[in-house]
Amino acid sequence: MVDLSQYLPILIFMGIALALSAAFILLPMGVARLTGAHKPDAEKLSEYECGFPAFEDPRSQFDVRFYLVAILFIIFDLEAAFLFPWAVSLDLTGWAGWITMMIFLGELVIGYIYAWKKGALEWE
Amino acid sequence: MDFTASLALIAPEILLSVSGLVLLLAGAWMGDGASRLVSYAAVAVLAVCAFMVAPALCSGAMGPDTVAFGGQFRADAFASFAKLLIYAAGGAALLVAPAFFERHGAMRAEYPVLVLFAVLGMGLMVSAGDLLTLYIGLELNSLSAYVLAAFLRTDERSAEAGLKYFVLGALASGILLFGMSLTYGFTGTTTFEGIRTALSGGLSTGALFGVIFMLAGLAFKIAAVPFHMWTPDVYEGAPTPVTTFFATAPKVAAVGLTMRVAMDAFGKQESAWQQVIIFAALASIVVGALGAIGQVNIKRLLAYSSINNVGFILIGLAAATQAGASAMLVYLSIYVAMSVGGFVAVLMLKDADGEAVEAIADIAGLSRTQPLLALCLAAVMFSLAGIPPLFGFWGKFVVFQAAVQADMIALAAIGIAASVIGAFYYLKIVKIMYFDEPVNKVHGKSDWIHWALLAVSAIFISPLGYLLTRWLGSLADKAAAALLFAA
């Protein structure tokens, strides 16, 4: 049988996280309701979703350029995400780790050059 | 083992990745007009890589000297055998492409680059000694393949094939990853060697689920029943040169990977996966044979034929012996030649306007209008059916022999019976080409490269191929010995 008591810290952590996040949401709502004017309209009540209407026909067309920029963003965003664990463990991985990351970055730069040359970064 | 030795072992992979990147930039700067040049450069790179891996196969390399990066990568004779097949298939896919895509005005410099990266991924797959190497290789191959399937961007069927392949491939990768995480969770390691040691005592239920999920993911990649449903659609929709590639190289890589996972990582728990493999083998043979009967499109027919062939290959794995592994490699070599021959012949079926002819009814009476092409296609069909004078028979023979030696007589008997069903539709194609009234649909001249590739594969699968049996058999034995030594 698994000893569940060793998971107590994570349970406490979850409880605290739940309480804190609930407070962060409910407190501003309550304060705003009590202090400010309460005049909701359709625009104010709608969700904010990157400037697009949140609910519409999924078959609507959108500019494929958004997709291109988004995917390039994700690639370089992930690169940054990989850099953090690499940076904090560099004392263990040593020169081998450093050179490996430089090769990885070099490959990404080649991809970047390719995207640039192909005109993927130009909006028009 | 130090880094220098490890780096020397992955030299072909380094060459492939560096030249892929260089050709990518070259293609971007020189434009799509240089596509042919980039393609031929990529073929040259593959040829050099083939020379780099060949010595390991000829010397039967195995053991600790072939292990790089602490067990993550293995450059043994088995990997070399599979890589040579992959490079050959990749080279064929590169050579046939320019003529096809130029006709559609869609030849782009990215095609050879994507093929190179896919080949690199497949090389990693067959060399994997660790679940993570396995996954990285698989994804590198798959991501390139999704783009290749949709390479004719303006063609709806090609786009559909790409999308379908992507969605189902992502699902399969997820299943495989889930199995890998279970295996890691229950064995505490990701190296094949470690998993083997951890499972030598017994198989817990959790680890069993890991094995099954991993096999399900891999079965998708080799298009074995019941995970075959994507194959006909993707093979039909993808541009024919890409289909040639899909039917050959990734099949070799995924089968090689499955062999490594089954015989090495899970090698101590044969009873757990043997039943699964037996089921997949028999189901693939039967579904492949029955599904092909009603097809009217020749690419779909060849897709079902490839499902059928995978079933025969898996019979060798079900035997779980060295002879079985060796038989699988022999079968794979012959299968690659048959597939390249078959799809190149399909590529050469064009009407007067140069448009591809894919309907089976349109090749009626081909023997009278294009006798040489009909002869080659007939040879491929006879060989796929496993009719004795042709080399395809030898592949089936060694596989069934391995099964019988492993006391799986029932399995071999069912396989032989089902291959008779399969013979029906192969012979139907021959009958349509030779005995039906000509419809005179197929015209047009083909590139000499197509003829050359078709001739090479036709000679290989002709009775002349039997001259190679001893040589091929001894190489396959060396490779199989290396696979089991690692285990």
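Residues numbered from 1 in each chain as written. Chains lettered and ligands numbered in written order. Predicted model: local features only at pLDDT ≥ 70, side-chain atom pairs only at ≥ 80, totals over all residues.

Break down the overall build of chain B for me, citing the residues and quoting the values.
Along the backbone of chain B there are 20 helices and 2 strands. Here the C-alpha atoms of chain B give a radius of gyration of 21 Å, agreeing with the 23 Å that 2.2 N^0.38 yields for 487 residues. Reported as C-alpha extents along the three principal axes, the dimensions of chain B are approximately 65 × 55 × 40 Å. The buried share of chain B, reckoned over its 487 residues, is 58%. (Helix = DSSP H or I, 4+ residues; strand = E, 2+ residues; numbered from the N terminus. Rg over C-alpha atoms; globule rule 2.2 N^0.38 Å. Buried ≥ 20, exposed ≤ 12 C-beta atoms within 10 Å, placed from the backbone.)

Residue-level account of the overall build of chain A, with values.
Of the regular secondary structure elements, chain A holds 4 helices and 0 strands. Secondary structure elements in chain A, listed N-terminal to C-terminal, are α-α-α-α. In terms of principal-axis extent, the alpha carbons of chain A reach across some 60 × 55 × 35 Å.

Explain the nonpolar core to me, and be specific about the residues and the numbers.
Grouped together as the largest cluster of nonpolar side chains are 194 residues, with contacts concentrated most on Phe 81, Ala 89, Val 119, Met 328, Tyr 331 and Ala 479 of chain B. Excluding anything up to four places from it in sequence, Tyr 331 of chain B contacts Phe 312, Ile 313, Gly 316, Gly 395, Val 398 and Val 399 of chain B. (Core = buried A, V, L, I, M, F, W, Y, C linked by C-beta atoms within 7 Å. Contact = placed C-beta atoms within 7 Å.)

Quick one: what's the story with the confidence of the model for chain B, residue by residue and with numbers?
Mean pLDDT over chain B works out to 89, with 99% of the residues at or above the 70 mark. Prediction confidence for the complex, expressed as pTM and ipTM, is 0.87 and 0.82 respectively. (pLDDT = per-residue confidence, 0-100.)

With reference to specific residues and values, describe helix α10 (residues 230-237) of chain B.
All names here are of chain B. Of all 8 residues making up α10, 6 are buried, and the element is well covered by its neighbours. Residues of α10 that are buried include every one of Thr 231, Pro 232, Val 234, Tyr 235, Glu 236 and Gly 237, and no others. In this structure, the buried side of α10 is in contact with α6 (131-149), α7 (156-187), α11 (240-265) and α13 (298-319).

Mind laying out the domain arrangement of chain A, listing which residues take part and the relevant values?
When the parts of a complex come together, some accessible area is lost, and that lost area is often taken as the interface size. Once the domains are mapped, chain A shows domain 1 (1-35) and domain 2 (58-124). With centres defined by C-alpha atoms, the gap from domain 1 of chain A to domain 2 of chain A works out at 35 Å. (Domains from an automatic or database assignment.)

Just give me the short version of the environment of Ile 14 of chain B, but keep the residues and values in it.
Residue and element names in this part refer to chain B. Within the fold, Ile 14 resides in helix α2 (residues 11-30). Residue classification places Ile 14 among the partly exposed positions, given that 13 C-beta atoms sit within 10 Å. Put simply, Ile 14 and Thr 191 are 177 residues apart on the chain and 22 Å apart in space, counted from C-alpha to C-alpha.

Go over the packing of helix α14 (residues 322-347) of chain B against helix α17 (residues 392-405) of chain B with me, naming the residues and quoting the values.
All names here are of chain B. It is at 8 Å that the axes of α14 and α17 come closest, and there the two elements cross at 160°. As the angle between them shows, α14 and α17 are arranged roughly antiparallel. Helix-helix and strand crossings are classified by hand; for α14 and α17 the assignment is left-handed. Contacts between α14 and α17 pair Ala 323, Gly 324, Ala 327, Met 328, Val 330, Tyr 331, Ile 334, Tyr 335 and Met 338 from the former with Gly 392, Trp 394, Gly 395, Val 398, Val 399, Gln 401, Ala 402 and Gln 405 from the latter. Split by residue class, the contact of α14 with α17 holds 12 nonpolar, 5 polar and no charged. (Axes fitted to C-alpha atoms, helices over the stretch in contact; angles between N-to-C directions. Parallel < 35°, antiparallel > 145°, perpendicular 65-115°, else oblique. Left-handed = near helix turned anticlockwise from the far one by under 90°. Nonpolar A, V, L, I, M, F, W, Y, C, P; charged D, E, K, R; others polar.)

Tell me what's going on with the packing of α6 of chain B against α7 of chain B, and back it up with residues and numbers.
Residues and elements named next belong to chain B. Following both chains from N to C, one finds α6 and α7 inclined at 170°, their axes separated by 9 Å at the closest point. In this view, α6 runs roughly antiparallel relative to α7, as classed from their interaxial angle. Contacts between α6 and α7 involve Leu 131, Tyr 135, Glu 139, Ser 142, Ala 145, Tyr 146 and Ala 149 from the first element and Ser 158, Ala 161, Gly 162, Tyr 165, Phe 166, Gly 169, Ser 173, Leu 177, Met 180, Thr 183 and Tyr 184 from the second. Here the contact of α6 with α7 is built from residues that sort into 11 nonpolar, 6 polar and 1 charged.

Go over unusual backbone geometry with me, naming the residues and quoting the values.
Phi is mostly negative for residues that are not glycine, and the peptide bonds are mostly trans. Residue and element names in this part refer to chain B. Look at the link from Val 225 to Pro 226: it is a cis peptide, with omega at 5°. Residue position: Pro 226 is located in the loop between α9 (205-221) and α10. Phi angles above zero are rare outside glycine, and Ala 320 is one such case at about 55°. For Ala 320, the location among the structural elements is in the loop between α13 and α14.

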